[in-house]
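Architecture and fold: a report
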Amino acid sequence: MIESLLLSVTRVSTLLGQQQLTSATGFFFERDSKLFLITSRHVVLDEANDHRPDRLTIELHIDPANVAATTQWIIPLYRDNQPSWREGLDSGGTVDVAALELDRSALPSTLLLRAFTAAHLVASLEQIEVGTPVLIVGFPLGFHDTLHHLPVARKAVIASAFGMR
């Protein structure tokens, strides 16, 4: 039995042409029957470091009976020379968040994936204070369970005022 949290994140690779550039973490979010890959904006575009990939690949688990079975899924970052992601904005400008809608009909039919929903969101930022414990699940610097292709988890605490730039 695989914990659903481990199936809600995916390993992300950025590519430009035939060159793999970086690795990162993304997670799945579902809203209004639409499925999104959420990652940091600097993964899809980082002007300051001239990081400009043309596509991402994500790793998907495809066999509920064998968690080690995975496939790579390609996500183009541009359509008709326009970015295919949505960016987060607040009163201070762009937030380091990008959302890419995934075409469910094109995904493998046997998919082992769990998505966060609006029910998982914090109701009020006041609930998050300095010292609040958090669990961080992902693929830091590409590190992961190489047999089952699962993320690693780390414990941490909120170390500064949350929600402030």
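The structure we're discussing is the one just above.
Let me sum up the structure you'll find in this document. Just so you know, the residues in each chain are numbered from 1, in the order the chain's sequence is written. Where totals are concerned, whole chains, interfaces and linings use all residues; where local detail is concerned, this predicted model gives features only for residues with pLDDT of at least 70, and gives and counts side-chain atom pairs only at 80 or more. To get the side-chain values, take all heavy atoms of the structure and skip hydrogens and water.

Time to look at the overall build of the protein chain. Secondary structure summary: the protein chain contains 1 helix and 11 strands in total. Along the protein chain, helices and strands appear, N-terminal first, in the series β-β-β-α-β-β-β-β-β-β-β-β. Only C-alpha atoms enter the radius of gyration; for comparison, a globular chain is expected to reach 2.2 Å times N to the power 0.38, where N is the number of residues. Relative to the compact-globule value of 15 Å for 165 residues, the protein chain shows a C-alpha radius of gyration of 16 Å, a close match. With the principal axes as the frame, the protein chain shows a C-alpha extent of 40 × 40 × 30 Å. A buried classification covers 33% of the 165 residues belonging to the protein chain. What makes two residues a contact is simply this: any of their non-hydrogen atoms within 4.5 Å. Restricting to contacts in the protein chain with at least 6 residues of sequence separation, those with at least 24 account for 58%. Each helix is a run of H or I in the DSSP string that is no shorter than four residues. Each strand is a run of E no shorter than two, and both are numbered from the N terminus. For every residue, the accessible area (1.4 Å probe, protein chains only) is compared with the maximum for its type, and the residue is labelled buried under 20%, exposed over 50%, or partly exposed between those bounds.

Buried Ala, Val, Leu, Ile, Met, Phe, Trp, Tyr and Cys residues that are joined via side-chain atoms within 4.5 Å together make up what is termed a nonpolar core. Counting 19 residues, the largest nonpolar core has F28, L37, L56, I58 and L100 as its most contacted members. Elements represented by at least two residues in this core include exactly β2 (19-31), β3 (34-39), α1 (41-44), β4 (55-61) and β9 (93-102). The contacts of L100, once residues within four sequence positions are left out, are L35, F36, L37, V44, L56, I75, L77, S84 and W85. Among the nonpolar cores identified, the runner-up in size contains 8 residues, and L7, V67, L112 and L150 belong to it.

Of note in this structure, D32 is not a glycine but carries a positive phi near 50°. For D32, the position within the fold is in the loop between β2 and β3. On the accessibility criterion, D32 (68% relative accessible area) is exposed. Within the chain, S33 stands out as a residue other than glycine whose phi angle is a positive 65°.

Looking now at the sheet that holds β3. Strand pairing is assigned whenever DSSP identifies at least 2 bridges connecting the two strands. Spatially, the 7 strands line up as an open sheet ordered β5-β4-β1-β2-β3-β9-β8, and their pairing is antiparallel. On the outer flanks of this sheet lie β5 (70-76) and β8 (85-90), each paired with one strand and no other. Taking each pair of neighbouring strands and ignoring which way they run, the sheet shows an average axis angle of 35°. In terms of strand pairing, strand β1 (residues 9-16) meets β2 through 8 bridges, oriented antiparallel. For L15, the partnering residue across the bridge sits in β2 and is Q20. Structural elements are reduced to axes, namely lines fitted to C-alpha atoms, with helices fitted over the stretch in contact, and the angle between N-to-C directions of any two is expressed from 0 to 180 degrees.

Salt bridges, as used here, are contacts in which a Lys or Arg side-chain nitrogen is within 4 Å of a carboxyl oxygen on Asp or Glu. Taken as a whole and assessed by the stated rule, the structure comprises 7 salt bridges. Note that E59 and R11 form a salt bridge whose closest N and O atoms lie 3.0 Å from each other. Here E59, found in strand β4, pairs with R11, found in strand β1; they are 48 residues apart in sequence, far enough to count as distant. Relative accessible area serves as the criterion here: at 7%, E59 is assigned to the buried category. Given a relative accessible area of 22%, R11 falls into the partly exposed group.

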